[in-house]
Amino acid sequence: MVAEYCGQHAVHQDLITLPLAAYQMVIIAKVEALQVEISELAKRLHYEVSVRGQEQGWTQKESSFHFQKNLRRIVSQLYIRDNCHPFKASLLVWVQLPLWFSFSLALRNLSTQMCALQAELAAGGALWFPDLTIPDSTWILPVSLGLINFLIIEIFSLQKVNPTRLQRIVTNFMRGFSLLMIPVAATVPSSMALYWVTSSLVGLSHNLLLRSPTIQKFLRLPTCRSSFPYRDLFAAFVVKYLRRTRTS
């Protein structure tokens, strides 16, 4: 069936990106492990720049300029030393997005243009979406897509104990984008929505798999991870959402 083919393509695509997801996790872990060292070096640098500024008669603006310039140099050296420049963590996105867009576009063209495969798409669905060339009128696929993507974002956010302002902004943006994808998925052919749901579902399974202590030990992650990641993740979810709902 065509529906099975869409699901299989999503699985195969995500199997290709799984090694990149593991590599991304290693880079992020290394960057997080450097934060303590960067913080200590920043304090020392701030003191040295203050002393030098008093000797040279620098203004506050000049002192700030020299501090930021030298801090960027130090941080860059640390990234080179540990081979963990944050840009490498975005490699997964640069590979995954073109694949996602290209196959989505191909499914849209096959579903809307008169061709031999359009008839197969029209009869290649399953369950409540027998016709893959029309949108899912039940909204089950769109809502499932939004919930799965939202869950992926929350898993990432729960790992951040003290997120920065930029991280909070990015997280909120992604939450809004996940909600926006629900009405978008409700207007596209079911073949596209099915592919998006399957892709997100496999991506969620990757996120959970890469938090396994066995996998993290194999990846030699430099940071200390929980021995019971799934139990702790569920407990954090309960504390953040369910208990908050009860108290409000």
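Residues numbered from 1 in each chain as written. Predicted model: local features only at pLDDT ≥ 70, side-chain atom pairs only at ≥ 80, totals over all residues. Heavy atoms only, no water.

1. Comments concerning the overall build of the protein
Helix and strand counts for the protein stand at 9 helices and 0 strands. Going from N to C terminus, the protein has its helices and strands arranged as α-α-α-α-α-α-α-α-α. When burial is assessed residue by residue, the protein has 38% of its 248 residues classed as buried. Nonlocal contacts in the protein, meaning residues at least 24 apart in sequence, comprise 73% of its contacts between residues at least 6 apart. (Helix = DSSP H or I, 4+ residues; strand = E, 2+ residues; numbered from the N terminus. Buried < 20%, exposed > 50% of the residue type's maximum accessible area, 1.4 Å probe, protein only. Contact = heavy atoms within 4.5 Å.)

2. Topic: the nonpolar core
Counting residues in hydrophobic clusters, the biggest one holds 21 residues, and the most contacted among them are L141, L145 and W196. Counting only elements with at least two residues in this core, the list comes to α3 (91–112), α5 (140–158), α6 (165–185) and α7 (190–209). In terms of residues, this core owes the most to one element, α7, which gives 7 residues. In this structure, I27, L34, A42 and A89 belong to the second largest nonpolar core, which totals 15 residues. (Core = buried A, V, L, I, M, F, W, Y, C linked by side-chain atoms within 4.5 Å.)

3. So, the packing of aromatic side chains
One pass over the structure, following the stated rule, counts 3 aromatic pairs. Consider the rings of W100 and F101, whose centres lie 5.1 Å apart with planes at 80°: the pair is edge-to-face. Ring centres of W100 and W196 lie 5.2 Å apart, and the angle between their planes is 25°; this geometry places the pair in the stacked category. Within this pair, whereas W100 is found in helix α3, its partner W196 is found in helix α7, the two being separated by 96 residues in sequence. Among the aromatic side chains, those forming a connected cluster through ring pairs are W100, F101 and W196. (Phe/Tyr/Trp six-rings, centres within 6.5 Å; stacked < 30°, edge-to-face > 60°.)

4. Focus: the layout of surface pockets
Space inside the second largest pocket adds up to approximately 170 Å³. Considering the residues around the second largest pocket, the lining is formed by H46, V49, S50, G53, Q54, W58, Q60, S63, S64 and F67. When residues of the lining of the second largest pocket are traced back to their parent elements, those giving at least two are α1 (2–56) and α2 (60–82). Ranked by residues supplied to the lining of the second largest pocket, first place goes to α1 with 5 residues. When its residues are assigned to classes, the lining of the second largest pocket shows 3 nonpolar, 7 polar and no charged. (1 Å grid on protein atoms, 1.4 Å probe; cavity = no way out; pocket = protein on both sides within 12 Å on 5 of 7 lines; lining within 4 Å. Points joined across faces, edges and corners; volume = space filled by probe spheres on them. Nonpolar A, V, L, I, M, F, W, Y, C, P; charged D, E, K, R; others polar.)

These values are about where atoms sit, not about what they do.
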